[in-house]
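# Overview (structure and organization)
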Amino acid sequence: MHAAEITALRAREPGLIAHAWQKRSRRPLAGEDGRLLIIAADHPARGALGVRGDDGAMASRTELLDRVATALSRPGVDGVLGTPDLLDDLLLMGALEDRNVIGSMNRGGLQGAVFELDDRFTAYTPRAIATQGLDGGKALTRICLDDPGTAATLEATAAAVTGLAEHGLMAMVEPFLSVRDAGGVRNLLDPASMVKSIQIATALGATSAYTWLKLPIVADLERVLDATTLPTLLLGGDPQGDPHDTYTAWGDAMTLPTVRGLVAGRTLLYPQGGDVAEAVDIAADLVHGNRR
């Protein structure tokens, strides 16, 4: 389905979206190997459109949809993470059948804004995720000890974790200790800071039964992940340097017992050389191996 057809359907039959969500075929959260490869595509809603120095790389919705649809068509890809606008488009395209769908919830902390750390929940709610038949929700939880907006973010994340658990749905929490300096908001990726952010985040909500973590690959990762027993998905991050180094780091991290897969966006959707299918296939082999 082309973008013009999607626009026409949205204009003529907006109720079709709710109907399509109810009719969508679903699958278990994790397959037989208990691992997940999720394509992340929620960056644009926070105003983060850049990839490898190109500030507008993700500006074209038509191109982004094509890249995500290609990724979702590859064997070993389990699902997608996105905001309602993008996921509704993919739904109308038929790209979400038999795939896990994770709704991105807090996109209010716009990249570069003076209120970036006041990261309000402006997209999906736990109730909407359950009603529409999504498989979980994701919360970015940046903890800045010098910013009073952090308290509201922690409270909102805790409510989201509790609300999703009430419906038996995954809460994917992405925690960081963050600071604001001359360059803007910066996440602290040293092992001690990551351990502290994990300890804070895992205690959010009335239960941890359905909580998963989304964490970057950092130095001394084995010690960092010893801070939790929660299933952890590694984030792909902003692609930099040689992609083979990135794949090697992913492969090494997959051997750790807490790691249950990968959530990657720009690295797979906008790879060096432009071959989305090839990049996704490499990631799928790293996550699932011969168990696909």
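Anyway, here's the lowdown on the structure attached to this text.

### Structural notes on the overall build of the protein
Scanning the protein for helices and strands turns up 11 helices and 9 strands. The buried share of the protein, reckoned over its 292 residues, is 53%. Contacts in the protein between residues at least 24 apart in sequence constitute 70% of all its contacts with a sequence separation of at least 6. Total accessible area on the protein is roughly 12600 Å²; 51% of this is exposed by carbon and sulfur atoms. Side-chain charges in the protein split into 27 positive and 37 negative, and the spacing between the mean points of these groups amounts to 4 Å.

### Re a nonpolar patch on the surface
On the surface, Leu110, Val114 and Phe115 cluster together into a nonpolar patch covering about 300 Å² of accessible area. Looking at where Leu110 falls in the secondary structure, it is placed in the loop between β3 (100–104) and α5 (126–132).

### Observations concerning helix α11 (residues 276–288)
Here α11 contains 13 residues, and its C-alpha end-to-end distance of 18 Å stays within 8% of the 18 Å for a straight helix at 1.5 Å per residue. Along α11, the residues classified as buried are Val276, Ala277, Ala279, Val280, Asp281, Ala283, Ala284, Val287 and His288. The inward-facing, buried residues of α11 contact β1 (36–40), α3 (61–72), α9 (243–253), β9 (259–264) and α10 (266–269). Backbone nitrogen of Ala277 and a side-chain oxygen of the N-cap are separated by 3.3 Å at the start of α11; the cap is Asp275. Positioned one or two residues after α11, Gly289 has a phi angle of 55°, which is positive.

### A few points about empty space enclosed by the protein
Vacant regions in the atomic arrangement are exposed by a probe of water-molecule size rolled over the atoms. Within this structure, the stated rule accounts for 1 cavity of 30 Å³ or more. Of the voids in this model, the largest cavity is the one considered here, and its volume is about 30 Å³. Lining the largest cavity, in full, are Ala41, Asp42, Pro44, Ala45, Arg61, Leu64, Thr83, Asp85 and Leu86. Contributing elements (two or more residues each) for the lining of the largest cavity: α3 and α4 (84–93).

Cut-offs applied
Residues numbered from 1 in each chain as written. Predicted model: local features only at pLDDT ≥ 70, side-chain atom pairs only at ≥ 80, totals over all residues. Heavy atoms only, no water. Helix = DSSP H or I, 4+ residues; strand = E, 2+ residues; numbered from the N terminus. Buried < 20%, exposed > 50% of the residue type's maximum accessible area, 1.4 Å probe, protein only. Contact = heavy atoms within 4.5 Å. Areas by Shrake-Rupley, 256 points an atom, 1.4 Å probe, with all protein chains shown as cover. Lys, Arg positive; Asp, Glu negative; His and termini not counted. Charge placed at Lys NZ, Arg CZ, Asp CG, Glu CD. Patch = residues over 30% accessible without salt bridge, like charges linked within 9 Å, V, L, I, M, F, W, Y side chains within 5 Å. Salt bridge = Lys/Arg side-chain N within 4 Å of Asp/Glu carboxyl O. Expected span 1.5 Å × (residues − 1). Polar contact = N/O pair within 3.5 Å; in protein donor to acceptor, adjacent residues only side chain to side chain. 1 Å grid on protein atoms, 1.4 Å probe; cavity = no way out; pocket = protein on both sides within 12 Å on 5 of 7 lines; lining within 4 Å. Points joined across faces, edges and corners; volume = space filled by probe spheres on them.

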